[in-house]
Structures are given as C-alpha cells and as structure tokens.
Amino acid sequence: MDKYPKLTKNMQTDILIVGGGLTGGSLFYQLRDDKRKVTLVERSTLGMGATGRSSAKITFLQENIYTKLANNFDEFIASLYYESQKLAIEKMKEIIKKEKIDCDFKASSSYLYTLIEDEVEDIKREKELLSSFKELVKEIDILPNGMKVKKGFYVNDTYVFHPLKYLNAIAKKGIKKDHEIYENTNVINVVKKDDLYYCYTKDAIITCKELVIATHYPNFLVPFLFPIKCYLEKSYILAKKEKDMKEFNAINISNPIYSIRYYNEFKLVVGASHNLCIKNNDTENVHELQQLANIKNPTYIWSNHDIMTLDDLPYIGVLKEHLYLATGYNTWGMTNATLASLVLYDLLNHQENRYSNLLSLQRGISKVKIIKYPLNIFSNVYSYMHSKINVRKKWYHDNPYFTKFDGKNVAIYKDKTGKEHIVYIKCPHLKCNLIFNRVEETWDCPCHGSRFTLDGKCIMGPSNYDISYKK
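Small disclaimer: the values here were computed from a predicted structure and weren't measured.

K.L.:
Outline the packing of helix α1 (residues 22-30) against helix α6 (residues 163-174), listing residues and values.
P.N.:
Packing of α1 against α6 leaves a shortest axis separation of 8 Å and a crossing angle of 35°. Where α1 crosses over α6, the handedness of that crossing is left-handed. On α6, the residues touching L22, G25, S26, F28 and Y29 of α1 are Y166, L167, I170, A171, K173 and G174. Of the residues assigned to the contact of α1 with α6, the class counts are seven nonpolar, three polar and one charged.

Structure (structure tokens):
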C-alpha cells in the first residue's frame, strides 16, 4: 500500500476532500484531470475506516430496498435508485478495466431470500419490481451452498472485490502536480470567512474554495442536525476458512440479517446487526452470530458501523454554498460511494446530474420520516442517558474498573499480560460515556460511533480527540 505524508504546514487549495475512504478516493480519482488544485486529507490512512471493514459487495440487490422506496415514495423513485446503483457498478467495472487494477474483482451472483413464510410476499414484491425495471431475475428454493429457503431469487451483473486494493490504486492514479493526498491529517474545525473555508488540523490550516466532507460520520451538528436525521447500525463480521468455496453472495430480508460472501479461501458472514444505541454487549452479539452461522472458531472477527437514513436513501449533495456532504449509505457503501463521486463531480463542475434531486440533503419529508423522526430523537436521548446512568456494565465483571483521578472519571483495563491501560471514559464528541468492546478491545461510543484504542487514541470519528489519560 502506498503511504502519504502528514500535512505539517499551512496550504491553500481549490478543492479540499476530507476523508480518505472509498467516497473521498473515488472523487479524487474523478477529479484527476481537473485543472484546479485538489487536496485529499485522511485522519489516519486511506481506507482504514468503514471502507476497510466492509464485506465489499458490489451489488444493486440490497435487501428489499426497492419495495421500501416504492412504499415510501413511488415506483419511479425506486427505479431511479436502481438505475443509480447500476450506473455505479458499470463505472467501477470501467475504472478497473481502464486502469488495469488488480483488486480481486470477481463476478458473484447476488441472492435474496427468506426462511419465513410471512415474508414470502415481500420477496415476490421485490422480484416484481426488479422485473419491471427490466432486470433478469431467476427464482430459487435453495442457495448454492445447499441451504433451503422458503422463497428467493438471484440476479447477475454483481461482484465482489478487495476494497483497499481498489482504493489505493485509484488514489495513486489521481496523484499529479497540484493533486495531493495527506494521511494522518485530521481536520478538527472548519470556519468560513468571506468566500473561503479555513480547515484547522493540529499542525496546519488548509484554506479552500470548495469543501467536500466525505467522512463516515460528520463531526458537526449544524447546519445539518445529522444525529436526528440518521442513526448508526452496528454489524459483526466473521471470517472462517472453508474448503468448499462458492462464487455467490446472499442476504435475507428479516431480522436478524444474515449476509454471506466468499473471498479467496474465506467465507465471510455478516449479522447480529442492531441500532448502536442498544445491545451493547459485543461478546453476546458475536456469540449470537456464531450460533446463527454455525461457526465455532472464526479466524477473524470485527465489526463495522453503517449510517442509516430515515428514508433509505443516501445523503449526497450541497449542504450550503461551496460545502458538500456524502454519507448515509444504509450498509451499501461500495456502490453509493462510487455514485457519490459521480454526483459530487458534477456539482463541483456546475453540471446537471440525474440523481442530485433524489439524493439531495434538502429533500422533502416523506411519510416514513414523519414516523421515524420521533423514534430517532428518542433513541439519541436514550443512548445518552443510558450511557450516563449505567457505566459499569454487568458483563465487565471487574475488568475494566472505574475510578477517579484528579476529579475526573477514568477506566482502567488490564490486558492479558497484566498491563494496565487508563483512559477517560467520556467521548470528546458529545460527552456520552464510552462502552468497552471486549471482542476488539476498543472503547466505543454508544451514541455516535467514535472508537478508541486501549490507550485512548481515536481511530474512528466523529470525535476528533483522544481519551488518553494524562498524568
């Protein structure tokens, strides 16, 4: 993987992209021939956030998304979203072929199914909608791995790949004079003066005309009021070596969600998904997924956060003059990150884009939003209050334990070697109390998803600051 320098001195640029995941990297690539100065900054290293934790399916078969959109809006909106996902897939195929990118890109038919009789009609409805979009859909009653289902179907022209190999390749293709990437460069504050944005890092100030926020979870509250328009879903991924490999991927439409794909000699299973505000015992959640997947000793275990919007459509577009935002991909980040790069490219060049109104940050209130807004506000309040009331979770036993140093609340965790790790327990973002993730040995925020290492280094936002204890 290519490494990029840290920005240590003030600079001016025309377009600043904040966030080096697939969205930021794809937009940086799209702007490769732009005559303006383009700069991308990433708080850690490229792809080490949500992109690198993804199961990396490139598919337009996204649970029963088209039924949801047809019910919440109409069939035209559903068809327009379908169209956008197909476009994103074609664009990725085109880039991989044109740039000769080695990223383990493989065709992988996508299956949608249910094991529950009550959901058979939902599967039928999704199939009917896809057929009305002229998509070739084939019914099945058994998956390629031999699992019998109540009802299901599959589509082709869907793929899997290695997202970090792809991201690093397109980022490298975008590098040239006046088109630069900086890693380990965290933008912690943004101030607008006159017609320019002043973006402050720990070591430098970046001045830009156009600012694109391509981070997973934006760290600001206004003007978008992000926490009440979206919520975070946490999922767990198990990877296990399997001799009988299959070239397909599948997902069901019920809770608990159960998603599978294959990569080289590994079978990847995604599930135990839940609103981040609840079910905070990671050990218990992983055990639940292991039982569901019948996997006793997975080779690897990790988790990921997805930004879920209230109307099932991403937020991609203009936030305010010369300020752009792309987020809320509802677990389908590979296609929507690519789509975002195409939409943002057009907006930055004052060109029309067929999908800009569909994905607009200023889009109207739908009936599903009216229902979900109060629930989302409640879940935000609940997660904050519960984090304050119940600091010592019952599954901690006595490790970590909590005390006060110099009048401040701290947690002390003793690792397997007996070494003690001391951190402050409040998330710097909005002061929620953190929860210890015993599976990955990280401190996680149950409100907005910030994550910290054992010693308090922030590895995932929206927090911009560490929680390391300082004597």
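K.L.:
Describe the environment of V318, and please don't skip the residues or the numbers.
P.N.:
Along the chain, V318 falls in strand β18 (residues 315-320). Along the chain, V318 and S356 lie 38 residues apart, while their C-alpha atoms are 9.2 Å from each other. With sequence-adjacent residues up to four places away left out, V318 is seen in contact with L323, Y324, L347, L361 and Q362.

K.L.:
Any chance you could break down the sheet that holds strand β20 (residues 401-405) for me, citing the residues and the numbers?
P.N.:
In space, the three strands of this open sheet follow the order β20-β21-β22, with antiparallel pairing throughout. The two strands at the open ends of the sheet, each matched to only one other strand, are β20 and β22 (420-424). Strand after strand, the sheet turns through a mean of 35° between neighbouring axes, direction not considered. Where β20 lies against strand β21 (residues 408-414), five bridges are found, and the strand directions are antiparallel. In the sheet register, Y401 faces β21, and the bridge partner there is I412.

K.L.:
So what about helix α9 (residues 333-348)? Which residues, and what values?
P.N.:
Between its terminal C-alpha atoms α9 stretches 21 Å, which fits the 22 Å expected from 16 residues at 1.5 Å a residue. Counting buried positions over the 16 residues of α9 gives 15, a clear majority of the element. A positive phi of about 55° marks H350, the residue just after α9.

K.L.:
Give me the sheet that holds strand β14 (residues 248-252): which residues, what numbers.
P.N.:
Spatial ordering of the open sheet is given by β6-β7-β5-β14-β15-β16-β13-β17, a layout of eight strands whose pairing is mixed. Of all the strands in the sheet, the pair left with one neighbour each is β6 (138-142) and β17 (300-309). Each adjacent strand pair in this sheet contributes to an overall mean axis angle of 25°, direction not counted. Where strand β15 (residues 258-263) and strand β16 (residues 266-275) come together, six bridges link them in antiparallel fashion. Paired with Y262 across the two strands is K267, which belongs to β16. Contacts from helix α5 (residues 120-132) reach β5 (109-114), β6 and β7 (148-155) within the one sheet, and its direction differs from that of β7 by about 10°.

K.L.:
Just give me the short version of the pattern of salt bridges, but keep the residues and values in it.
P.N.:
Evaluated as defined, the whole model comprises 23 salt bridges. Across the pair K209 and D14 runs a salt bridge, and its minimum N-O distance is 3.7 Å. Placement of the pair is K209 in strand β12 (residues 205-213) and D14 in strand β1 (residues 11-18), with a sequence separation of 195 residues. Residue D311 pairs with R363 through a salt bridge whose shortest N-O separation is 2.8 Å. Residue D311 is located in the loop between β17 and β18, and its partner R363 is located in the loop between α10 (356-359) and α11 (367-389); the two are separated by 52 residues in the primary sequence. Here R363 falls in the buried class, since its relative accessible area comes to 13%. What emerges from the salt-bridge pattern is a single network uniting R53, K234, D282, E440, D444 and R451.

K.L.:
Residue-level account of the layout of surface pockets, with values.
P.N.:
If you add up the space inside the second largest pocket, you get close to 600 Å³. Around the second largest pocket, the lining comprises 21 residues; the ones closest to its centre are N186, K202, K457, N464 and D466. Of the residues contributing to the lining of the second largest pocket, the split by class is seven nonpolar, seven polar and seven charged.

Parameters and conventions
- Residues numbered from 1 in each chain as written.
- Predicted model: local features only at pLDDT ≥ 70, side-chain atom pairs only at ≥ 80, totals over all residues.
- Heavy atoms only, no water.
- Axes fitted to C-alpha atoms, helices over the stretch in contact; angles between N-to-C directions.
- Helix = DSSP H or I, 4+ residues; strand = E, 2+ residues; numbered from the N terminus.
- Left-handed = near helix turned anticlockwise from the far one by under 90°.
- Contact = heavy atoms within 4.5 Å.
- Nonpolar A, V, L, I, M, F, W, Y, C, P; charged D, E, K, R; others polar.
- Pairing = 2+ DSSP bridges.
- Expected span 1.5 Å × (residues − 1).
- Buried < 20%, exposed > 50% of the residue type's maximum accessible area, 1.4 Å probe, protein only.
- Salt bridge = Lys/Arg side-chain N within 4 Å of Asp/Glu carboxyl O.
- 1 Å grid on protein atoms, 1.4 Å probe; cavity = no way out; pocket = protein on both sides within 12 Å on 5 of 7 lines; lining within 4 Å.
- Points joined across faces, edges and corners; volume = space filled by probe spheres on them.

Just geometry here; none of it tells us what the structure is for.
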